[in-house]
Every structure is written in structure tokens, then in C-alpha cells.
Protein chains: 6
Amino acid sequence: MAMTAGQPLRADPTHPQWARRSSPPAALDAGVVPSYPPPESDGDESWVWSQIKAEARRDAEAEPALASFLYATVLSHPSLDRSLAFHLANKLCSSTLLSTLLYDLFVASLAAHPSVRAAAVADLLAARSRDPACAGFAHCLLNYKGFLAVQAHRVAHVLWAQSRRALALALQSRVAEVFAVDIHPAAAIGKGILLDHATGVVIGETAVVGDNVSILHHVTLGGTGKAVGDRHPKIGDGVLIGAGATILGNVRIGAGAKVGAGSVVLIDVPPRNTAVGNPARLIGGKKGEDVMPGESMDHTSFIQQWSDYII
Amino acid sequence: MAMTAGQPLRADPTHPQWARRSSPPAALDAGVVPSYPPPESDGDESWVWSQIKAEARRDAEAEPALASFLYATVLSHPSLDRSLAFHLANKLCSSTLLSTLLYDLFVASLAAHPSVRAAAVADLLAARSRDPACAGFAHCLLNYKGFLAVQAHRVAHVLWAQSRRALALALQSRVAEVFAVDIHPAAAIGKGILLDHATGVVIGETAVVGDNVSILHHVTLGGTGKAVGDRHPKIGDGVLIGAGATILGNVRIGAGAKVGAGSVVLIDVPPRNTAVGNPARLIGGKKGEDVMPGESMDHTSFIQQWSDYII
Amino acid sequence: MAMTAGQPLRADPTHPQWARRSSPPAALDAGVVPSYPPPESDGDESWVWSQIKAEARRDAEAEPALASFLYATVLSHPSLDRSLAFHLANKLCSSTLLSTLLYDLFVASLAAHPSVRAAAVADLLAARSRDPACAGFAHCLLNYKGFLAVQAHRVAHVLWAQSRRALALALQSRVAEVFAVDIHPAAAIGKGILLDHATGVVIGETAVVGDNVSILHHVTLGGTGKAVGDRHPKIGDGVLIGAGATILGNVRIGAGAKVGAGSVVLIDVPPRNTAVGNPARLIGGKKGEDVMPGESMDHTSFIQQWSDYII
Amino acid sequence: MAMTAGQPLRADPTHPQWARRSSPPAALDAGVVPSYPPPESDGDESWVWSQIKAEARRDAEAEPALASFLYATVLSHPSLDRSLAFHLANKLCSSTLLSTLLYDLFVASLAAHPSVRAAAVADLLAARSRDPACAGFAHCLLNYKGFLAVQAHRVAHVLWAQSRRALALALQSRVAEVFAVDIHPAAAIGKGILLDHATGVVIGETAVVGDNVSILHHVTLGGTGKAVGDRHPKIGDGVLIGAGATILGNVRIGAGAKVGAGSVVLIDVPPRNTAVGNPARLIGGKKGEDVMPGESMDHTSFIQQWSDYII
Amino acid sequence: MAMTAGQPLRADPTHPQWARRSSPPAALDAGVVPSYPPPESDGDESWVWSQIKAEARRDAEAEPALASFLYATVLSHPSLDRSLAFHLANKLCSSTLLSTLLYDLFVASLAAHPSVRAAAVADLLAARSRDPACAGFAHCLLNYKGFLAVQAHRVAHVLWAQSRRALALALQSRVAEVFAVDIHPAAAIGKGILLDHATGVVIGETAVVGDNVSILHHVTLGGTGKAVGDRHPKIGDGVLIGAGATILGNVRIGAGAKVGAGSVVLIDVPPRNTAVGNPARLIGGKKGEDVMPGESMDHTSFIQQWSDYII
Amino acid sequence: MAMTAGQPLRADPTHPQWARRSSPPAALDAGVVPSYPPPESDGDESWVWSQIKAEARRDAEAEPALASFLYATVLSHPSLDRSLAFHLANKLCSSTLLSTLLYDLFVASLAAHPSVRAAAVADLLAARSRDPACAGFAHCLLNYKGFLAVQAHRVAHVLWAQSRRALALALQSRVAEVFAVDIHPAAAIGKGILLDHATGVVIGETAVVGDNVSILHHVTLGGTGKAVGDRHPKIGDGVLIGAGATILGNVRIGAGAKVGAGSVVLIDVPPRNTAVGNPARLIGGKKGEDVMPGESMDHTSFIQQWSDYII
């Protein structure tokens, strides 16, 4: 994703952590992969899709009560994007927005935009490697409302860019109702995103979210006032935003920064710094860390520091 | 709406800001309108409805994929209240509460209570003038779950007042499930209300909310303990409550006050004051401001002050 | 529920408060009941079910528009567990998870696990006695999404224990979508639980929640980082957790403790202590109190203390 | 219904049989009622509606499994036409023709056309008095697809007369699919009609059916060739048409005539005559009979005659 | 089934044809089985169920697009009666008769009435052995609306016998709408029944149908007039009734008789005789035939005879 | 369609009638078109589709209540085959066969088989030119269950030919339930087919139907006995089969023949001959006729002859 917000938000691509971020869980020699996943490579998609099918087949066999669901959503489809289009269409349809219409829309959008498909694959890899409760790729594809909300958003974002705004907004609205995740179609979201639990996430119109960001539930990337214009946060690569954090205004959260749960952030947070509290204060960060917080999901390593800071 | 909670919550009707609040976006000489919208005037309803139809017609033409939806929800209806009744019925119905039953209920309630219709119109005007992301009246009518939740609440409130409590509670429950907005039917809500994003809003039984109030998502107007009785907040006219704010107990938030995002408020907030933090502290306010925060949507002008206060 | 986390989390069973906790609202001589409700007694179930039917019958008569709903959900069923199974199945079904499949699953699970049924009864008694807005047992059974989410979780928990993990996770996902309550099936939840309003509650995989706990909406019992293992909070009996509180990591909230609304808790809270703020501080507690906060629902008695503490 | 086809199709109103035809089953002194039911009287509607409600209430009490259905379809409604509109809307709706839209249409049509309501009442009385398998008025209202198809047709006929042809044809199509009864909206159908079993009935565009006619299943009133114009049968008052009979072309079946099951009729049948066979022959009739065959439902009294005729 | 209509309708159990009728298609030594299938034996049920599962598994593997359907309807169920109950409930449900209610009803009825289950098995064997277009047991179970209509009828018949008449009639009505097969719940239907194609079959209240009867589509077993009482046909064992045949009145069609397509039968037909034409004439029969026509499905062997007869 | 049954069933392509059969209703100089519609030409498809859209647009404007339906089914689609796929999918879907799955299937089949699309266009032209009640192409596309059943059959036929038999049979079953039209997927059906009214049509496995055939409702092309093999009728080009006719066995109905309503045909009918009665007799035909009866829809010109024959 092309971040418009400049360098500080970008992770340093030569930093050792990039070598292994989001590498497939089982890949041992990921260190030789300089940038993973490669942009719009089809390789990951095939591999992830084969994993999903294998998981679904295993579960269908072990659990007959779920087999019909698994065949309908995964095993009857020739590709990940068909499966995803089917699943989203059946989740987001309503009595006035029929599933066939949405299915058509998702199939066409995913076919026309390989980057949207690649981002979905990166999100699956992210959930699998970052969330210890993630039982598999199929689990994420089928059950993570955060994952599904982001995929629907990416299609809405494409529509928005094509000036099909009424349709984009209708999609946003269905996602907000069905998944309780409200992302404005104009917001630019990177790849390798994990919206964990996801309920209540709100991301505003001019927000930008980098790659490999992890956002917990109840997080707001909100605006200020009713002025039109660039008024929402810019979130750098590899950022971790804890549950219930509220970030307001056109502030910059630098690459590799961490925002504590429940924080209210109204100021810029420099790269690899941690902001906590209401209102949020900066409490520094361990510069030597190899792993980006958006990937380590380390919510609480600042506790000691925080205690120090506060007392 | 008749506020039971006395004068401090009411905005001063002679204050210059009232002259232009909620005036239709395009109206230039609104200054001569002393109180807008006039109670139960049909003029705004007609004007807003004609706008909605024009927007829907424009979108239906530009986006064939959405035309069926727009005809079903807007263009096939003779009036705003029919359109609203249809849309709510199809959103809130379930396998055990059929859409035709709900449609009947909404049509009858809206027909019998012009003030409920007038309040819906005021809410549409509020969303249009306060929310920069609001793409039009039709966008709000069709896609804002906060708007829809409030309209359903008003019908539930009417039922509650008629001692049809089981039905009112069933309606509350459907709204809580479908829109993730939980407003007790007994709560009294004014007009010109904007529930922005709306996910997770909870408003308790004895809460009172004045006119022209803006409430962001995750806001709680909650009770304290399990005592029966008047135990929820009273929110004055023109108040702005930021995302994730929690206001607990029978406290009074004065007209034109502002509650910062993520605040936990357990105390009264005087008119035109700002409360921030957890627990919330008062950090004053600019008395000279002409515009009520509930309308300016200015969430963050207190940052400077806050910083001052804190440091 | 067998708490694995040891004594401090357990309430002292000889403490006088236990004598009357969760006793049926109308029972006068509950003091002689040493432990209520008795494990897996059928007595409460029968009594509560007869109350529910009486309430539903009264409402069906008074409100013809609701009669069909009440007959479908309550009055056509021979027992509470059938009614509950029906209601859950129709709430949680989707186009790919049919209601008959879910109904089968709930009927079989409730029949095979009397403790799940008994816990549902205890939850109904809890809502009735603790929530002043609860209009009756039927109101809770039919309309409280927190109640329904917990019952569905208990079935998912049983499935998880039987290594039917894919089905358990699918159930969790449906509950997260429909009720916006996300409880990992592995989490151990006691009985006499009140999830009030419930929107946005998140409870992680290794969390343990004792008996007679009250949890308001937007509460997170979350993990830390992406390490596998015991990483979520342990909540003792009788704890009250206020709206929007975030408790992270394998911390212990002792029996009878209170967590203030909006608090971010990263530390242990001793029994009968109160934690408030972000980050949360301990502000003591009244040791002489007879009633557990999880039952008194007293959210704000600490305000005086807090003010003292803070200033 | 104003028959356009002249006197021979009309029953002689002074004939003694009219005195008691279609009188309410329990009415003893019906002989004094010269013409029953009186055109557009509201008296029968009230009486029948009170019977329906009494039957539904009795059944709901005796059969809890059906109570929800009976409340939804009958007992929650204030009038017969509301009940009928609800039932038809929920039967005929589809994913592209929503129930609320159809409900609106039926409510409006029935309100505006008392004669359509009166004809529905006459049909209910006809089914009750002629069909020995009819267990009650509610049974007919709820379960007879012939009854429901005719009521929907009457609304389509009204729409056709108002030149709302596309909607009338859409309604015809839904009736043909749902009830397997295909009546062109232009066809003119009298009152006191019994379509017994009804599957496969086809009635063409220029067909006219008098009052008090009984038509069994698989009956065709069909056209000839592809010429436009008056090309379908004219069926007089009180006619009985047996199962599987096919009547083709602009032929006249006189008042009180009988058409045997399986007959293929291409010729006029004089009043009170019987036509049987393929091709149909006239085999006379008992002129002294007091009761019209359309009301006596005597399908087989001609057997003896027929045997005579054949041998 | 206990035929009330006496001996002539019963097939002679010592007749050689009984030795092999309805024997399982693959059974070679069926000749030694004197009466097949044995009443209420569980053996056939197990065998047929294992065949159905094998067929469904084969088809699910070969046709992923159908796998979800096959798992939902067959492969997720532990027994034939559960599968049947599920399938019927999902076919016959409507917006006012929920699938869970019907499922409950079918599960309970099939569990309580082994003879209903045994008759279903006999019907499956009948379709498999008599209908050359029957591709397998699963094909019949899932796709034959005649089979499904008869099974639903048997449950309605049980309800009727229990005086649960309103529910029985509601079931009849749903079957008539969904399958276009209208069988009065009081009608007594034997086992080993094949309703081939089934559209338009009508069977009246006092009709009795023996065992091993084959009835084509559009067949009417109708009454005469509106007299209450025993007024419908009695069909003997092994009878074959051709497409579109209409049999009216309390006539007896003897065991092994054949009724030609399109016939209108108003007279008794002696055992092993053939009736054809409109009105039907007897044209004799081959007395030496070993196989009952209801099983041989030989519709047209009478053509030669008929020609003879006619010319 | 390649008729396997040899020349007598084929119409003479040099015969003058072919020059104008099925020409578009408004084309005046159709005489110069030697064979219409040209096989698999795209020209007709474009023309018909533009007509359909124009009709739908006109109706949507005139009838707002139908606009949503018309946009969903016609106006939002880029081509006739997409519209048809959408409409069929939404008609034929069930709780266990989702609309998206069927939509996928129809889209893929229509895209891969231009001849299926061309046949659909020919059917639309046939209905428009032969059925005086046909109000337009859109009327036929949207409302004629005979038309929709035939299109679904063609897709099932393609599946059958690909040995996807389970899916083909499932499709047949849904068509039989939804439209009451039961066509075995193996049956070979030509183009320019009109199934008028269509209820109850049954066409067996080895039946063959030529081009430009018109078949009324309740018509059976049935087999004889339970022998496997070629056992169903062969219907030549341009044949007209009247309502309720039953044709049994491997008989040949020659090109341009006519079968009277209610006939039972067990014998070959020579080209341009008429068969009527039960059992059917040949009553000659007018050899000089220019127009095929399948196109003139002249059901009753034989009446005079018949009368002569009979008397």
C-alpha cells in the first residue's frame, strides 16, 4: 500500500525484523526472503488456499454437523477468491441487497484487483502467525469478522476509487451492521492487517493504515470536528493498537509504535515509541527490539515501564 | 422534547447560535428563523423527502446494481415515513418477528405521532450538517445505523408510554442486536440527535437526552447499582459526547458541554464546560463560543487546554 | 464451576452474603439456603420456567402483536431448555448454518448437560435480582443478548471439551456476529453471570470467570502478546466489572472485587478491593460489606474514595 | 359480479334454490333471506371474522405448536382483510417481491374495494357450506390454496382494471407458482366461488365465471388458437365443473349446468344440463332439482344416466 | 396397513407374485422371502440407510457443488428418520411455520411410530424397483416430491388420529402448496407406495389406498357431492393408476387392477381387471400374470386389447 | 436440436411456413428470412434483450411498486443470460441449495453453451408470437414458469450430458417443486418451445421434443412400464399438444401434428394429422395449411371434423 504520509510511518525495509515477519508459520528458512509476502505473488495464495482446503476437509470429516457449512463455504469453490466472495455475499446480504448481487460484485472486484486478493492472503498469514487463538487459516477465513470486514472494505475502497460511492457506502453500512466494524470506504488500509475480535472498530474517511498493523477491538481512528479535509490518523507499518484505544485527529503513529489499551491519543507518536493512558503519554520504547509490535502482539511489555513512569 | 431536568440543561433560546443551528445546509438566510426546525412543521419533512428522492434517483441511475435497493427502500414509497417504516421493518425483522408485523407497527406509530416524524427529520438535518462524512440525506436514512436505531427507539418510547412494554422491550432488543445500539424504551431522547457510528451506544432507563446532542460510538449513559429509580444521566441540549465516554449515575451534563473521548464521568458538568479523562476532570470551556459542541462536533479543541492542565 | 485458580478467587462460602445471593426475588426465607442455587437442582428450573410461561401468557394476552412471537419462542415449548434451544437456533442460524442443525445441537447439549441448564437458570435469577431494568424472566430469556450469548458459549464450551473444536469456533463466530459478544469456547464461565447490555464483551481463551460475576458491556478479558499459554485474566466470584473496563494478562481479580468503568487493569486486584483508572490503581474497599459487588451492581460507591485518592 | 354474457348464464333469482344457497351453515331461517349474501353488506364479514377468530383461538389453545402460526395469521389482526392481506403477502412474497410491499398492496386494495372483501366472505361461506372436508372458516382462510388464489386474483383484477398491468401480471405469476393456480388478471370471477383442491386450475384472459360456481382441480377454461379477442369460456351462475374438465373457446356453460370430471367441452352447455365425456356430450339434467350443482357439489348423479347413455 | 374394505382389495398372500415384489434390487434369493418387506423390521431401514449414505457420499465426492446439500440433508444425520425429518422440515417450513417447529414434529412422530418409518422404507424400495428413472435411494429421498408428500401425509395422518386436526390440516396445506400433492390427513395410505411425478395428485378424506400401489401424477381419488360420510375410492393392493385418471365416489378398485391414463372411473373395478376410457370401461385382464401392475408399472399392455375392444 | 428420430418428425425446411415462423412480431418483411432464428446467432439475443430492457424500464417508471423487482431481475444486468441466471437462481434456491451456488452454475452453463442461450431467445420469440396473452418479452422472461422451467431444464440437460447426474437431478427436482414442471434432464428439447401455463407438464427420460413445439399445461410425455430403455414419445417439429393430453410410450408424433386437449395417445400420429379423444383417434388434417399448429396454437379447428367423426 502506498502510504501517502511519508517515511517515518514506513518500516525500514533493511531492518532484520522484516526478514521474518509474516513468513508462513511453518517456513523455517524465512530469513532469506527479503520481503514477504511478495507483492501480488500468486504463490502464497495457492499455498494458503491449499491449506484452507485441507483444514476444511479435515474438519468436515471429523464433524459431520459442520460438513455442509464447510462444503458450501470452502470445499465447493475452485479458488480462495470464489470462496471469499461466496462467504461475504452470504454474510452481508439482506432482504434488499440480495446475495447474488453481492456475489457478483465480489467476484468481479477480486478478479479485477489482484492486489486485493494478495492483501487478503497477507491478512490470513498475519492472523495465523500473530493470534495464538487462531486455529488455522480456514478458522480465520470463515469465523473472523475482523478479517471479513477488512476484505469487504477493500472492495468498497475499490468502488470508492471508481466513484461508485453510493455502492461503496451501502457496503460500508452492511459491514457496520453485520460485523460491527465501521470503516469508511475512502480509508486506505495496508496489507497484513489483523483486526482482532474487531467489534466496534471505527476507521474514518481520511485515515491511513500501513502494512502489518494489528488493531484490537473497540479501536477508533477518528476525526475531529465537522471540518471537511484530512482529519484522521495515519498509522505506520507494524503498529500495534490495544483494545479500546481512541486515536483522534490527523496525528501520525510512527512505524513500529505501540498504543496501549484504552489510551486516548491526540498527539503524534514517534516510531517504535509507546503511548499509554488517557490522555496518552509517551513512555519510550525498546529500540533494540527486532520484532514489530504489530506482529509480536505484545500488549503489555510496557507495564513495568508504565509503573515506573507513573509512580 | 420536554426535559424534566430543569433549566441548566436547556440552551438559552435567545443565544445567537440557535439562530442557525440545524438549518438546512443550503439555506442562506437561516438567521431569521428563531427556532429551527419548527415543532412538527411539515415543511422540512417535504423538503428533506424531496431531497432524499432526488439523491436516490441520481444514485439509481448511476449505479444499476443499487437501483433495486433504492427503489425498494425509497423510490417506491409515497412519503418519508413509509420509506422509514419499510426500511426499519426489513432491518429489524427476524424469523419470529415478521417484517409485515413491524411494518404495520411503524406505519401506525409514525402516522399517529407527528412529533416522531419531525424528530426524524431533525435528525437527518443534524447528520447532514454535522457529519462531514455524510454524503446526503439518503445516505443517512439508508446507511446510518445510529439514525435508524434512534427512530426505532422513538417508536419503542411511544409504546412504552402506552404501557405496551413487552413490545417496546422486544423492539429494544432487536435494535440492540441489529445495530448494536441499546437504548431503553423509557429513555427520553430529544430531536436533532446524531449517533455517529453508533456501535455500542448504551442509554439507560431514566436517562434524558436534550435536543441537538451528538453522541459518538461506545458511549454509555449508564446507571449505578441495582437500585430502582432515577439513576441515569441527564444530557443537556447541544452537548457533544466523544467516542467511548462513559457517564454514570444521575448526573447532569449542562447545555453546550463537551465530554472528551474515553472519559469516565461521575460528576455534573456545568453548561459549556468540558470534561475529560478517567476519572473526568473539568477543564473549563470557551464561554464566547457561538456554536454548541453538539453541532460543531469539535472533539479536540480542548487538547491544548488539557495539556496545560495535565502538565 | 470448578475454578482452577485457587482459593483467593473463591468467595468464602460461610460468609453471610452467600446466604441470600441470587435467591429467587420473592423468596423470603432464603437465609436458610446455604448454597443457592443448589447444583443441578431441577427445582429452580421448574419454578423459573413456570414464571416465564406466566409472563409470556400475560404479555401475549395484553399484546396480540407479540403473541405469535411469544408462542413460537416460549409457550409452544414443553420446557425451558427446548425454548432456549429454539430461540438460540433461530437467532444464530445463517444461510449456511441452518436453524434445524443448531436446534438439534442445542437440544442435545442441554439434555446431556444438566449443569448447563442449571447455569442458565442461575443466570436468569441473577439478571432478575441484579438488573433493575429487567422486566421479568421472560424479558431476559428473550431479549438479553448477554444472556443468550452466555448460553451459547456454554454449549460451545462443552463442544470444545469434547474436542469438537471446529464446531465450537463456528458457534463462537456466530455469537460474535449476532450478539457482538466474543467469548472463546475454551474460556471457563461460572454460573449466575450477568452480562449487562453485553455489546462488545471479549473474553479470551484462557480466561476464567467465577460465579455470580456481573460484567458490563465493552469489557475485555484479554491476553498479552502472541505467546500461547495461560495468558488471560482470572475473575473471582462475585466480581463486578464496569462498562468498558479492559483487563489484560494472566492477572487475578479476587472474589468480591470491583473494577471501575473504563479502567485498564494490568495487575492483580485483591479480594474485595476496587481498581479504577487507566492504568488502574487500587483504592481499597469496604471490608464490612455483606453483599458482593457482582450482585449489588454498585458501580459508583467508590467515587467519594476515588476523589479522595486522586486529589 | 356483473356478467357480461347475458341472461342464460344468470340464475333465476326467483327460483326457490336461491333462498337458501350459501346461507351461513348454522342459520336456520335462511329461507327468508331472498338473496344471500347481500351485496357488500358488512354483516357477514363481521360474523365470519368472529367465527374465524373463535376457531383460531380454540385451535391455538388446543395445539400450542400451532398457536404462533394462528396468532401471526389471524389473532393479531383487527379485521379479516388485514389477516388476509398478511397471509397472502407472506405466501406470495419472494426474494425479489418483498412481503411488506405485497402487504401494502393487499391492504390498500382491500380497503378501497369493499366488493373484493365481500366476495372473499362469500367464498368462505361457499367453502364452508359446500365442502364436507372444510373444517371451518379459519381452515379455509389459512389452508385452501384455491381460496387464497382467488383472493389474490381479485386484487390483480382490480390492478388490471386500473391499467397497472405489469403488477397484475407479476401477481398472477406468483399465484401460479405458489398455488399452481393460473388465472389471468383480466378474467372476471364472481363471488361465492369454490376452487376445490385447486392445483392446476387455468382460467384465461377473456373467461367469465358467474357467482356460486364450484370448480375442481385441474380445470381449464382455455382459449383457442392465437387470435386476440374474446376466446375463453363464459361460466354461468351455480355451475359445477368436475376435476380435470377442459372447456375451450368462447362457449357458454349455462346457469346451473354440470360438467363431468375429465370432460373436454368445446360446445355450449344449456342451463341445468350436464356435459360429460371426451369430447363432451350433453346428457340432459333433472329440471326439477332445487339446488344448483355448483352448490350441491353433486359430481356423480349423472352416472346412472351416463351408463344408460353409453350402453 | 389394515384395509377396512375387505378381502377383494387384498392381494392373495400365497400368490407367487408376492414372493418377489419389492425385494431389494440387488437381493438374489428374494424368492424365499414370503412377504417383503417384513412389517416394521428394522433390517431394511438399516440397509436402505447405508445405501443412501453411500450414494450421497459418492455424489458429494463427484460433485462438490452438491456436497453441501448432501451433507446437510443426508450425511450429517445419524439415521434415516433424522434425515427425513430435516429434509421435510426445510421443504415445508414457511415464514409462519418455522423449520425448527416442523423438525421437532417430524422427529417426534417418526420416533413414536415405527410403522411410519417402515412404510417410508417400503416406499423407497418401491420407487427403486419400479421406476426406471430412479437413480438411487438417495435420489428418491431427496428429489421425489411424491415420496416426500406421502411421508408428510403419514405424519399428518398420525396427528389426525390423535385428534390434532388443526395441525394435521396445516401440514396437508403446506404439502399441497409445496409439492402440489393434496392428501387429506384422514385418508389411509398403505406402504410400498409410489407417487410417480406426483404433481396434482388429490386423495380425499375417506379414501383408502392399499399396499404396493403405484399412482401417477394428476390422479384424483375424489368424492361425490357434499354429503358427509364414506365417499371416496378404496384402492386395493398392487393397483396401478395411470396419469390423469380420475376415480370418484366410494368405488372399489380390486387388488391388482389397472386404471388407464386419463380414465374417469365411477364404477367398481374387479381385482386384476383393467379399466380405461372416459367414462371408464372394463377391458378384462390377463389372469395368469404373476406380477401386480402396481409393481410392473405396465401402463400400456392393454393397448392391443383396447383397440380390439373399441373397434 | 439434433432429433434422433428421423425425417418424419422434422419439418420440411423448404416449406413456405418456415419462412415466417417465429419472426419477431414487428418484422414485416420476414418472408425474406429463410430460416429464423438463425442457429446461435447473437443478433436475436441482442435485439430481444434490448426489447426486454425497454419494457422493464417502461414498467419500472409506470409502476414504482414493481421498480425494485425490475431492477433486480432485469435492469441491473449487463446481458440476457445474466438476468436469466439471476432470476432462475432466486426462484430455484432453497435453504439447502443457495442462490449463489445456482447463480454460479447458471452463469457458467449459459456462458459455455451459446446454443442454450440461443434456444432461450427462440423460446421468448415463440411465446411472444404465439401466446396472445403474452404482454411482452419481459413478461415471459419474468413471469412464465413454463419458460423458466425449460431454461433450467436445458442447463440440467447439459449437466446430464457431462455425467453430472446428481446435480442435474437436483435441478429437475427443484423445477418440479417450484414450477410444477417435471422434465427429466435426459430428455432432449428443441428450441422455440412454448410451455403455456405449464403446471403439471411431465416429460420422461427418453422423450424427444422437436423445434417450435407448443405444449399446454398438464401434458404428459410418459413411459410405459418399468422397463429401462427408449420408452417415451418423440414429438416432431411444430407439433401442438393440447391441455391435459397424455402421450405414452415410444410413439412418434409427426411434424406439424396436433393432439387434442385431454387426449390419451398410445399410437403414432402421422405428420400434419390430428389425434383426439381417449383413446385418441386420428381425424385427419388440412394438408394445405401453411402454418404449423405448434405456432398457430389452433386448438379447436378440428371440432367440426370431430363432431362429424363422432356422430
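Residues numbered from 1 in each chain as written. Chains lettered and ligands numbered in written order. Predicted model: local features only at pLDDT ≥ 70, side-chain atom pairs only at ≥ 80, totals over all residues.

Considering the overall build of chain A
Next up, step 1: Within chain A, the secondary structure is distributed over eleven helices and 15 strands.
Next up, step 2: With 311 residues in all, chain A has 69% of them scored as buried. (Helix = DSSP H or I, 4+ residues; strand = E, 2+ residues; numbered from the N terminus. Buried ≥ 20, exposed ≤ 12 C-beta atoms within 10 Å, placed from the backbone.)

Details of the relation of the copies chain A and chain C
Next up, step 1: Mapping chain A onto chain C calls for a screw motion: a turn of 120° about the axis and a shift of 0.0 Å along it, with 0.0 Å RMSD after fitting. In symmetry terms, the pair is related by a three-fold rotation axis.
Next up, step 2: Here only 16% of the contact residues of chain A are again contact residues in chain C; the copies associate through non-equivalent surfaces. (Least-squares fit on C-alpha atoms with pLDDT ≥ 70 in both. Contact = placed C-beta atoms within 7 Å.)

Points about the interface of chain A and chain C
Next up, step 1: Taken residue by residue, the interface counts 38 residues in chain A and 37 residues in chain C.
Next up, step 2: Contributions of two or more residues to the side of chain A that touches chain C are made by helix H3 (64-75), helix H7 (137-143), helix H9 (165-179) and helix H11 (303-310) of chain A.
Next up, step 3: Ranked by residues supplied to the side of chain A that touches chain C, first place goes to H3 of chain A with five residues.
Next up, step 4: Residues that form the side of chain A that touches chain C fall into these classes: 16 nonpolar, 16 polar and six charged. (Nonpolar A, V, L, I, M, F, W, Y, C, P; charged D, E, K, R; others polar.)

With respect to the relation of the copies chain C and chain B
Next up, step 1: It takes a turn of 120° to lay chain C on chain B, together with a shift of 0.0 Å along the axis; the resulting RMSD is 0.0 Å.
Next up, step 2: When the interface residues of chain C are mapped onto chain B, a mere 16% of them are again interface residues, pointing to distinct binding faces.

Focus: the packing of helix H8 (residues 145-161) of chain A against H9 of chain A
All names here are of chain A.
Next up, step 1: Viewed as axis vectors pointing N to C, H8 and H9 meet at an angle of 170°, and their least axial separation amounts to 8 Å. When the axes of H8 and H9 are compared, the pair comes out roughly antiparallel. Residues Lys145, Leu148, Ala149, Ala152, His153, Val155, Ala156, Leu159 and Trp160 of H8 form the contact with H9, whose participating residues are Arg165, Leu167, Ala168, Leu171, Gln172, Val175 and Phe179. (Axes fitted to C-alpha atoms, helices over the stretch in contact; angles between N-to-C directions. Parallel < 35°, antiparallel > 145°, perpendicular 65-115°, else oblique.)

Some thoughts on the packing of helix H2 (residues 43-62) of chain C against helix H3 (residues 64-75) of chain C
Residue and element names in this part refer to chain C.
Next up, step 1: Close contact between H2 and H3 brings their axes to 9 Å; oriented N to C, the two are set at 165°. Between H2 and H3, the interaxial angle falls into the category roughly antiparallel. Read as a crossing pair, H2 and H3 show a hand that is left-handed. Contacts between H2 and H3 involve Ile52, Lys53, Ala56, Arg57, Asp59 and Ala60 from the former and Leu66, Ala67, Leu70, Tyr71, Val74 and Leu75 from the latter.
Next up, step 2: Of the residues that constitute the contact of H2 with H3, the class distribution is nine nonpolar, no polar and three charged. (Left-handed = near helix turned anticlockwise from the far one by under 90°.)

Concerning the interface of chain C and chain B
Next up, step 1: Listed as interface residues are 38 residues of chain C and, on the opposing side, 37 residues of chain B.
Next up, step 2: Those elements giving two or more residues to the side of chain C that touches chain B turn out to be H3, helix H7 (137-143), helix H9 (165-179) and helix H11 (303-310) of chain C.
Next up, step 3: In terms of residue count, H3 of chain C provides more of the side of chain C that touches chain B than any other element does, five residues in total.
Next up, step 4: In terms of residue class, the side of chain C that touches chain B is built from 16 nonpolar, 16 polar and six charged.

A closer look at the sheet that holds strand S14 (residues 274-276) of chain E
Residue and element names in this part refer to chain E.
Next up, step 1: Strands sit in the order S3-S6-S9-S12-S14-S15 across an open sheet of six strands; the sheet is mixed. Whereas interior strands pair on both sides, the edge strands pair on one side only; in this sheet they are strand S3 (194-196) and strand S15 (281-282).
Next up, step 2: Where strand S6 (residues 214-216) lies against strand S9 (residues 240-241), two bridges are found, and the strand directions are parallel. Paired with Ser214 across the strands is Leu240, a residue of S9. (Pairing = 2+ DSSP bridges.)

Brief notes about the environment of His157 of chain C
Residue and element names in this part refer to chain C.
Next up, step 1: Here His157 lies in helix H8 (residues 145-161).
Next up, step 2: Look at His157 and you get buried, because 23 C-beta atoms sit within 10 Å.
Next up, step 3: In this structure, the C-alpha to C-alpha distance between His157 and Asn278, residues 121 residues apart in sequence, is 32 Å.

Comments concerning the environment of Leu88 of chain C
Residue and element names in this part refer to chain C.
Next up, step 1: You can see Leu88 is positioned in helix H4 (residues 80-92).
Next up, step 2: It is 8.5 Å that separates the C-alpha atoms of Leu88 and Gln151, two residues lying 63 residues apart in sequence.
Next up, step 3: Apart from residues lying up to four places away in sequence, Leu88 is in contact with Leu102, Phe106, Leu148, Gln151 and Ala152.

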